Amino acid sequence: MGVVVSKTVQSMVMIVVAALVLQMSFTDVHLRYVKADLQPYLVASGILLLLVGVVTLGYEMWQSLFVAEAKPSASDAACCGHSENGSGPRSAWLLVLPIAALVLIAPPTLGSYAASKSGTATSVAKQQNPRSIYPALPEGDVVPLSMLDYAARATFERGASLAGREVKLVGFISPREGGGVYLTRMMMMCCAADSRPIKVGMSGDVGKLKSDQWVEVRGQYVNKFDTDPANGEEIPYIKVSSLKRVEQPENPYDI
Amino acid sequence: MARQLDTHSCSTEEHDEPAATLAGPVRHVPRAREPLDDEESNTSGLASVLVFFIVLGSIVAFRKPLSGYLDSPDVQLWGTIFVSLVVQAIPFLALGVVVSAAIAVFVPPHFFHKVLPKRQALAVPVAGLAGVALPGCECGSVPIAGGLVRRGVAPGVAFTFLLAAPALNPVVLAATAVAFSGTPEMVVARAVASALAAMAMGWLWLGWGRPEWIKMPARANVDGAPKWLAFFATMRHDFISAGGFLVVGAVAAAFLKVVVPAQWLNVLADNPLLAVLAMAVLAVILSLCSEADAFVAASLSQFSLSSRLVFLVVGPMIDLKLFAMQVGTFGRSFAFRFGPATFVVAMAVSAAVGWVLL
């Protein structure tokens, strides 16, 4: 007893997990943990798991309430002759852990702490575009760019396609080793476990900014670079012309 | 007594014939767990429902009082990584569980004997090729391989599928092509090395593997029950057992992500041999989805292409969450032999392929 998991609990665990997955994907909480593209698959698997949990639970309750006198089937008798509510995989209890983590910790979007623990990942762009040929920026007074796009243009072509243009970046503040701050955004492929930061330094007067504050920065390329102590990659700078505090965007991860 | 969806296997019968896993279609497979106390199962069933509600209730009740203790950055980072690993795996796990239940319920017992080559050594490459058709990552392939073994596919053949499917499917290769669009030979090298390593493991198992190492937990006895019911019961069983162990792997992977500093990698990048070992270990620790690992490999710019190939080949074949899921699906004595062997073979094969191709 105790460690034994009845079938009923297995179905209940499935129902709770499915409900949390569905709730998460309809309230956009899933955007903290996984890529937005995954939403339809989360919904589909949530519905499936809910269905499996409800059907198996309903069938077994119906059986034990109304068919309690039925003779055990031949295979039951031949086998071990025991009754309903047999145990199944005890690992059902383990699935309580993510439920607990989700409710008790309510883990947030990865922020400055995670960013400061790993090195900037601008080289992702270099791998995709080894000759570093970038298209010209679109027309307009201010060009919104992803952090990766800005960092790649700044680092690998020394700002050639950025020259004289005003760009707009959105990110959060993370601490710089040895004082100061970086404008940062986490980039995610599949889930938060594979996310890596893109860091950009800010030159000019940006005032006092707290870690994890989201900001929108306008500015121009400046020929200045740091070396990220975590992995030795270059961190480019932007010369800030204006900065304003903003709310965390709906999708907090960069591309 | 009511009819139940799931029955315990008859332990006496099965322990006499452990070789049943290799021969023909198997209904029962030896169990890892000790027999349960049958007399108590009724009360314990009720008790565990009660425990479950108490646990859920306390989680909700302690939410406020505990929040002050759980807001340290390390705990929060652990939580985000842990929850995201689990959430991301759920759709793929659901897909794997559906396929595995369909194999158990709708595929005729002799089907795989008819379609697979009679000689198991030839069935291994066929299984490797079949892996190309599963559009998912590794979380789904574990329950499917379990379903194949239960349906009488020779374990060595099923394991080739298990190892090949996560790395060889078109979705993963396309993601690799995008992440390494500057070096397309990486895609070829990944496909070749993954296929070779998966087949090598299959043949190794055919030569030296012992059926008694595999101890699969008893699963739904689907004989007699209506098919739809058996289908649902099998899905529940597979989801709970694979999912529960996935959680263990995710807990460990998230913990290591928090405590191991990123800088340790820099020290190893310059020595080619250490770099290969470091990338293999990193792949095991990070437990990434095979659809995302190419992107992380692309960002590990301080490492050579061949050592990053090792990262891409080892990760989908063995990592913390896969190892935990294999313990849950095939038993401990299997996983503790198969896991390390996979690690060594995948590392050696990918290092050799990288040396030739990259």
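None of these values were measured; they are calculated from a predicted model.

Looking at the overall build of chain A
- Scanning chain A for helices and strands turns up seven helices and six strands.
- Starting at the N terminus and ending at the C terminus, chain A contains elements arranged as α-α-α-α-α-α-β-α-β-β-β-β-β.
- Every one of the 255 residues in chain A was classed for burial, and the buried ones make up 55%.

A few points about a nonpolar patch on the surface
Residue and element names in this part refer to chain B.
- Taken together, the side chains of V188, V192, L196, W355, V356 and L357 present a nonpolar region at the surface, about 620 Å² in accessible area.
- Going through the elements one at a time, helix 10 (185-208) and helix 17 (332-357) are the ones with two or more residues in the nonpolar patch.
- Relative to the helices and strands, V188 resides in helix 10.

So, the packing of aromatic side chains
- Enumeration over the complete set of coordinates arrives at 20 aromatic pairs over all chains.
- The interplanar angle of 50° and the centroid separation of 6.3 Å between the aromatic rings of Y59(A) and W62(A) together place this pair among those described as tilted. Taken together, the residues span about one helical turn, with Y59(A) and W62(A) both in helix 2 (residues 39-66) at a distance of three residues.
- The exposure class of Y59(A) is buried, given its relative accessible area of 15%.
- Residue classification places W62(A) among the partly exposed residues on the basis of a relative accessible area of 47%.
- Taking 6.4 Å as the distance between ring centres and 75° as the angle between the ring planes, the aromatic pair formed by W228(B) and F232(B) counts as edge-to-face. Note that W228(B) and F232(B) are positioned in helix 11 (residues 227-259) at a spacing of four residues, about one turn of the helix.

Let's talk about helix 15 (residues 305-317) of chain B
Residue and element names in this part refer to chain B.
- The end-to-end C-alpha distance of helix 15 is 19 Å, a good match for the 18 Å that 13 residues give at a rise of 1.5 Å each.
- Taken across its 13 residues, helix 15 has 11 buried, putting it largely inside the fold.
- Those residues of helix 15 lying buried are S307, R308, L309, V310, F311, L312, V313, V314, G315, P316 and M317.

Quick word on the pattern of salt bridges
Residue and element names in this part refer to chain A.
- Evaluation of the coordinates by the stated rule reveals nine salt bridges over all chains.
- With a closest N to O distance of 2.7 Å, R176 and D226 form a salt bridge. Of this pair, R176 sits in the loop between strand 2 (166-175) and strand 3 (181-187) while D226 sits in strand 5 (residues 214-227); the two residues are 50 residues apart in sequence, bridging distant segments of the chain.
- In this structure D226 comes out as buried when scored by relative accessible area, which is 11%.
- E216 is the salt-bridge partner of R218, the closest N and O atoms lying 3.6 Å from each other.

A few points about the nonpolar core
- Within the largest apolar cluster, 188 residues are counted, with the highest numbers of intra-cluster contacts made by Y150(A), F311(B) and V314(B).
- Broken down by element, this core gets its largest block of residues, 17 residues, from helix 4 (residues 73-106) of chain B.
- When sequence neighbours within four positions are dropped, the list of residues in contact with Y150(A) reads L145(A), L162(A), V167(A), L169(A), V200(A), Q220(A), Y221(A), V222(A), Y237(A) and I238(A).

Description of the pairing of strand 2 of chain A
Residue and element names in this part refer to chain A.
- Relative to strand 2, strand 1 (residues 142-144) is paired through three bridges, and the arrangement is parallel. Residue pairing for strand 2: V142 is matched across the bridge by E166.
- Remark: the strand 1/helix 7 (residues 147-156)/strand 2 crossover connection has right-handed handedness.
- As defined by bridge partners, strand 2 adjoins strand 5 across six bridges and the pair is classed as antiparallel. Bridge assignment links F172 to a residue of strand 5, and that residue is W214.
- As paired strands, strand 2 and strand 3 are joined by four bridges and run antiparallel to one another. Counted as the bridge partner of F172 is T184 from strand 3.

A few points about the side chain of R151(B)
Residues and elements named next belong to chain B.
- Within the element layout of this structure, R151 appears in the loop between helix 7 (138-150) and helix 8 (155-168).
- A relative accessible area of 14% means that R151 is categorised as buried.
- Here the side chain of R151 touches A104 through a polar contact of 2.8 Å, landing on its backbone oxygen.

So, the environment of L282(B)
Residue and element names in this part refer to chain B.
- In this structure, L282 sits in helix 13 (residues 272-286).
- Using a relative accessible area of 8% as the deciding quantity, one classes L282 as buried.
- Sequence separation between L282 and D319 is 37 residues, and the spatial gap between their C-alpha atoms is 9.0 Å.
- In this structure, L282 is in contact with W264, L265, L300 and F311, ignoring residues within four places of it in sequence.

Considering the packing of helix 4 of chain B against helix 7 of chain B
Residues and elements named next belong to chain B.
- Direction vectors running N to C along helix 4 and helix 7 enclose 15°, while the axes themselves pass 7 Å from each other. Here helix 7 runs roughly parallel to helix 4, going by the angle between their axes. Handedness of the helix 4/helix 7 crossing: right-handed. Contacts from A89, F92, L93, G96, V97, V99, S100 and I103 in helix 4 reach C139, G140, P143, I144, G147 and L148 in helix 7.

Here's the deal with the packing of helix 8 of chain B against helix 9 (residues 170-179) of chain B
Residue and element names in this part refer to chain B.
- Close contact between helix 8 and helix 9 brings their axes to 6 Å; oriented N to C, the two are set at 45°. In terms of orientation, helix 8 lies oblique with respect to helix 9. Judged by residue contacts, P166, A167 and L168 of helix 8 engage P170, V172 and L173 from helix 9.
- For the contact of helix 8 with helix 9, the class distribution of residues is six nonpolar, no polar and no charged.

Looking at helix 7 of chain A
All names here are of chain A.
- The buried fraction of helix 7 amounts to eight of the 10 residues, a majority that puts the element mostly inside the structure.
- The complete set of buried residues in helix 7 reads M147, L148, Y150, A151, A152, R153, A154 and T155.
- The inward-facing, buried residues of helix 7 abut helix 6 (123-128), strand 2, strand 3, strand 4 (196-203), strand 5 and strand 6 (234-245).
- Backbone geometry just after helix 7 places R158 at a positive phi near 45°.

Some remarks on the pairing of strand 6 of chain A
Residue and element names in this part refer to chain A.
- Sheet analysis places strand 4 next to strand 6, joined by three bridges and oriented parallel. In the strand pairing of strand 6, G201 is matched with Y237.
- Two strands pair when backbone bridges link them, and strand 5 and strand 6 are joined in this way by 11 bridges, in the antiparallel orientation. Across the sheet, the residue bridging to D226 is I235, located in strand 6.

A closer look at unusual backbone geometry
- Backbone geometry at D28(A) places phi at a positive 65°, although glycine is not the residue there.
- In this structure, D28(A) sits in the loop between helix 1 (7-26) and helix 2.
- The phi torsion at S287(B) lies on the positive side, around 55°, for a residue other than glycine.
- With respect to the helices, strands and loops of the structure, S287(B) is situated in the loop between helix 13 and helix 14 (293-299).
- Residue S287(B) is classed as buried on the basis of its relative accessible area of 0%.

Cut-offs and rules
- Residues numbered from 1 in each chain as written.
- Chains lettered and ligands numbered in written order.
- Predicted model: local features only at pLDDT ≥ 70, side-chain atom pairs only at ≥ 80, totals over all residues.
- Heavy atoms only, no water.
- Helix = DSSP H or I, 4+ residues; strand = E, 2+ residues; numbered from the N terminus.
- Buried < 20%, exposed > 50% of the residue type's maximum accessible area, 1.4 Å probe, protein only.
- Patch = residues over 30% accessible without salt bridge, like charges linked within 9 Å, V, L, I, M, F, W, Y side chains within 5 Å.
- Areas by Shrake-Rupley, 256 points an atom, 1.4 Å probe, with all protein chains shown as cover.
- Salt bridge = Lys/Arg side-chain N within 4 Å of Asp/Glu carboxyl O.
- Phe/Tyr/Trp six-rings, centres within 6.5 Å; stacked < 30°, edge-to-face > 60°.
- Expected span 1.5 Å × (residues − 1).
- Core = buried A, V, L, I, M, F, W, Y, C linked by side-chain atoms within 4.5 Å.
- Contact = heavy atoms within 4.5 Å.
- Pairing = 2+ DSSP bridges.
- Right-handed = clockwise from strand over helix to strand, strands pointing away.
- Polar contact = N/O pair within 3.5 Å; in protein donor to acceptor, adjacent residues only side chain to side chain.
- Axes fitted to C-alpha atoms, helices over the stretch in contact; angles between N-to-C directions.
- Parallel < 35°, antiparallel > 145°, perpendicular 65-115°, else oblique.
- Left-handed = near helix turned anticlockwise from the far one by under 90°.
- Nonpolar A, V, L, I, M, F, W, Y, C, P; charged D, E, K, R; others polar.

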